[in-house]
Amino acid sequence: MSKQPTRVTVNGKSYARVVDARLTLADFLRHEINLTGTHLGCEHGVCGACTVLVDGQSARSCLMFAVQANNCEVTTVEGLAPDGKLSVLQQAFIDNHGLQCGFCTPGMLITLTELLREKPEPSEQDVREALTGNLCRCTGYAGIVKAALDAAQRLRGGAAAAGS
Amino acid sequence: MKPAPFDYHAPRQLNEATELLAKLPNAKILAGGQSLVPMMNFRYVIADHLVDLGGLQELRGIAVADGHLRIGAMTRQRDLEFSADIAKHCPLMSEALQHVGHRQTRNRGTIGGSLAQADPAAELPAICAAYDATIHVASVRGMRQVGYRDFTTGFMSTALQSDEMIAAVDLPIWPASHGHGFHEFARRHGDFALAGAAALLDIGADNVVRKAALTLFGVNALPLRVDAAETRLTGQRLDASAIRTAAASAWLIEPISDIHASGEYRRHLAQVLSLRALNDAARRAGVQA
């Protein structure tokens, strides 16, 4: 029973594997199906780099076993740009200098994708609070917050924030 | 940073789960996994068996009945956060949930898991202490009810036996006119608090306090009810001086010192946060103190 048959739909594609029960969802994504966009920073649920959507809700993939995601739908950062076309949020990150080294970016994008879906008009405080679960050591968060607010505005159909 | 191997069990019903817990040696219960899995990744916890309660739909949900809220142990913290019933009947919990971890952990974390983990700085155990919650504990021997004061037995310790699990939590509903207040201090939003205070006030005619509950957390091994403050407030006419005196009772606690804060600092925080929580509770109960 330490080996478990597991079927997970990732970015719309179904994957069936027999996995060790102790395999985390993060390692499943990276090593079993070779989606290395999900990054592992701390492996104990502090940094948020490994954040993915599980059935539409953000979760730390280092704190879930792959078997727990059996029959679930997972969205990783690769799923945000299915045909290589960047999402509005991803483009806003580029335009607003929302990343430097890029290690935390997959988790940031997933968390903010969930936030913008739930709250199309977030305040700066909403954005900062959502990001408390994601650590960035490069940017000081200013560019990321700006990118999130800019993306929210673009998604609502407004023009891009001036001076960004 | 990989957990040691274990056998995985995914029961679909409560009796299956309790039978597994009775039978399996060195088994751990996996609820939301937001505390257990980090400890497993560090190998602080090495379990031979993991019993995953994720498939037990019967343990999820919030119901209102007979003057109390019944919350299934596997109800996610995010579900509590967005519950209209919780917001209406137990607004103190809604407010406290804003401070529980981060959205990514609240999406997975459960109320039963929080209570079983019993971290002294955690918000949900403090809320259960504030309401004198009743914990429904399941095992192959049946269901037993434990009051929250008896449920916590020490630092991160509970009255749960190794073959027992939390099935549900009952919170008594206070009168609709009651007021609540919740304040905590943490270095960063979402961190465990250095200290926190939760206040409930039920106020009758002439602003006389019918019932009061003041709970501190993060200051000691267990969430702490400030009995002295509650006794002082009950039957008193509520005004600024009564609130100040009650909050000052927090001075009586003997908080822990650790690398995060000294006991003296925690005692200071306990008083300041008690005052803020009681003031909020008074204001929400319609008293301008």
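Residues numbered from 1 in each chain as written. Chains lettered and ligands numbered in written order. Predicted model: local features only at pLDDT ≥ 70, side-chain atom pairs only at ≥ 80, totals over all residues.

**Topic: the overall build of chain A**
Rules: For the purposes of this entry, the term helix denotes a DSSP run of H or I that reaches at least four residues, the term strand denotes a run of E that reaches at least two, and both are numbered from the N terminus. To get the radius of gyration, use the C-alpha atoms; to get the globule rule, take the number of residues to the power 0.38 and multiply by 2.2 Å. The burial label depends on the number of other C-beta atoms within 10 Å of a residue's C-beta. Counts of 20 or more mean buried, 12 or fewer mean exposed, and intermediate counts mean partly exposed, with C-beta atoms placed from the backbone.
A count of helical and extended segments in chain A gives 5 helices and 5 strands. Along the chain direction, N to C, the helices and strands of chain A fall in the order β-β-α-β-β-β-α-α-α-α. Here the C-alpha atoms of chain A give a radius of gyration of 16 Å, agreeing with the 15 Å that 2.2 N^0.38 yields for 164 residues. Viewed in the frame of its principal axes, chain A has a C-alpha envelope of about 55 × 30 × 25 Å. Across the 164 residues of chain A, 51% fall into the buried class.

**A few points about the domain arrangement of chain A**
Residue and element names in this part refer to chain A. Counted only if it meets this: The source of the domain bounds is an automatic or database domain assignment. By definition, residue pairs are in contact when their C-beta atoms, positioned from the backbone, come within 7 Å. Polar here means any residue outside two lists: the nonpolar Ala, Val, Leu, Ile, Met, Phe, Trp, Tyr, Cys and Pro, and the charged Asp, Glu, Lys and Arg; Gly therefore counts as polar.
Each assigned domain of chain A is listed with its residue range as follows: domain 1 (3–80) and domain 2 (88–155). Between the C-alpha centres of domain 1 and domain 2 the distance comes to 21 Å. Facing 15 residues of domain 1, the contacting portion of domain 2 comprises 13 residues. Elements represented by at least two residues in the side of domain 1 that touches domain 2 include exactly β3 (51–54) and β4 (57–60). No other element matches β3, which puts 3 residues into the side of domain 1 that touches domain 2. Partitioned by chemical class, the residues of the side of domain 1 that touches domain 2 number 7 nonpolar, 8 polar and no charged.

**Re the interface of chain A and chain B**
Taken together, the contact between chain A and chain B spans 24 residues of the former and 26 residues of the latter. Mapped by element, the contributors of at least two residues to the side of chain A that touches chain B are β4 and α4 (124–130) of chain A. Examining the composition of the side of chain A that touches chain B, we find that 4 residues originate from one element, β4 of chain A, more than from any other. Residues of the side of chain A that touches chain B, tallied by class, amount to 7 nonpolar, 12 polar and 5 charged.

**Brief notes about the pairing of strand β13 (residues 209–217) of chain B**
All names here are of chain B. Heads up, the condition is: Here, any two strands with at least 2 DSSP bridges between them count as paired.
With 7 of 9 residues buried, β13 lies mostly within the body of the structure. The sheet contact formed by strand β12 (residues 195–203) and β13 spans 8 bridges and is antiparallel. Bridging across to β13, L201 finds its partner in A212. The loop that links β12 with its antiparallel partner β13 comprises 5 residues; one of these, D206, has a positive phi angle of about 60 degrees. With 2 bridges connecting them, β13 and strand β14 (residues 224–225) associate as antiparallel partners.

**Section: the domain arrangement of chain B**
Residues and elements named next belong to chain B. The domain architecture assigned to chain B consists of domain 1 (7–55), domain 2 (57–172) and domain 3 (179–284). Put simply, the middle of domain 1 and the middle of domain 2, counted by C-alpha atoms, are 18 Å apart. Taken residue by residue, the interface counts 13 residues in domain 1 and 18 residues in domain 2. Residues belonging to the side of domain 1 that touches domain 2 are distributed by class as follows: 7 nonpolar, 5 polar and 1 charged.

**Points about the nonpolar core**
Residues and elements named next belong to chain B. Heads up, the rule is: Think of a nonpolar core as buried Ala, Val, Leu, Ile, Met, Phe, Trp, Tyr and Cys residues, each tied to the set through C-beta atoms within 7 Å.
Among the nonpolar cores identified, the biggest contains 141 residues, and I127, V169, A198 and L278 are the most heavily contacted of them. No other element matches the 8 residues that helix α12 (residues 263–284) contributes to this core. Beyond its immediate stretch of four places on either side in the chain, I127 contacts L92, M93, A96 and A198.

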